[in-house]
Amino acid sequence: FCGCGVSTGGSREGTGQIRTDNYANKELSYYYYIPNSLVGRTTNVLVCVPGLSGSGENFVNSNIKKFSEEQGIPIIAPTFIFDEMNWSARRSYHFPSHWSGDALLSIVENFQQNHDLKCKKMLLLGASAGAQFCQRFAMWKPEKCLTCAAYAAGGSIEFTRGSKVKFFVGIGTRDTDRLVFAR
């Protein structure tokens, strides 16, 4: 189901929700932002995934919206909720092959149905836990992704095969605890 949306200067933004089988994320919320020029078009989509249990809406700042407007690309930003028991079992949202990857695909489908858009490929942008999700998602479903920008991942991701997805991995020079993960 889709929540409410507002129009700001010709652009539309709002929130939606999907249901999942994951007990910590039964109703998974997402934020969306659609530049004015996109109604009824086929386009790529920018997926922004915040850090641990971060709000998708709060993660999408004015610079990301400006990029969206300049590039003519909509934004989807899920709000995944962390759960210690899922983490211990390596089934938290950080690991998209278990449930969160299918949840993102359902979010994209829900978004397309509710906003008269056809999404081709994903450009992934993640920070911290969101960076782990994005990197793993791009390796799990490379045919769905064009690029993956991962910043300050809190864990290392093993790349076991080549991919046509273009990766950018970033880390602050003072973030010495995570520098090894970026390398």
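Residues numbered from 1 in each chain as written. Predicted model: local features only at pLDDT ≥ 70, side-chain atom pairs only at ≥ 80, totals over all residues. Heavy atoms only, no water.

(A) Structural view of the pattern of salt bridges. For the structure on display, the rule yields three salt bridges. With a shortest N-O distance of 3.1 Å, E13 and K65 are connected by a salt bridge. Linking E13 in strand β2 (residues 11–19) with K65 in helix α2 (residues 62–71), this pair joins segments that are 52 residues apart in sequence. For E13, a relative accessible area of 14% corresponds to the buried category. Judged by its relative accessible area of 22%, K65 falls in the partly exposed class. (Salt bridge = Lys/Arg side-chain N within 4 Å of Asp/Glu carboxyl O. Helix = DSSP H or I, 4+ residues; strand = E, 2+ residues; numbered from the N terminus. Buried < 20%, exposed > 50% of the residue type's maximum accessible area, 1.4 Å probe, protein only.)

(B) Representation of the pairing of strand β7 (residues 145–151). Where strand β6 (residues 118–127) lies against β7, six bridges are found, and the strand directions are parallel. Looking at the pairing, L123 lines up with T147 of β7. For the crossover from β6 across helix α5 (residues 129–140) to β7, the handedness is right-handed. Pairing between β7 and strand β8 (residues 166–170): five bridges, direction parallel. Looking at the pairing, Y151 lines up with G170 of β8. (Pairing = 2+ DSSP bridges. Right-handed = clockwise from strand over helix to strand, strands pointing away.)

(C) The arrangement of the layout of surface pockets in detail. Looking at the largest pocket, its volume works out to about 270 Å³. In terms of lining residues, the largest pocket is bounded by 13 residues, among which S97, R136, M139, I157 and E158 are the most central. The residue makeup of the lining of the largest pocket, split by class, is five nonpolar, four polar and four charged. Looking at the second largest pocket, the residues that line it are L46, I64, F67, L123, L124, L125, T147, C148, A149, K166, F167 and F168. (1 Å grid on protein atoms, 1.4 Å probe; cavity = no way out; pocket = protein on both sides within 12 Å on 5 of 7 lines; lining within 4 Å. Points joined across faces, edges and corners; volume = space filled by probe spheres on them. Nonpolar A, V, L, I, M, F, W, Y, C, P; charged D, E, K, R; others polar.)

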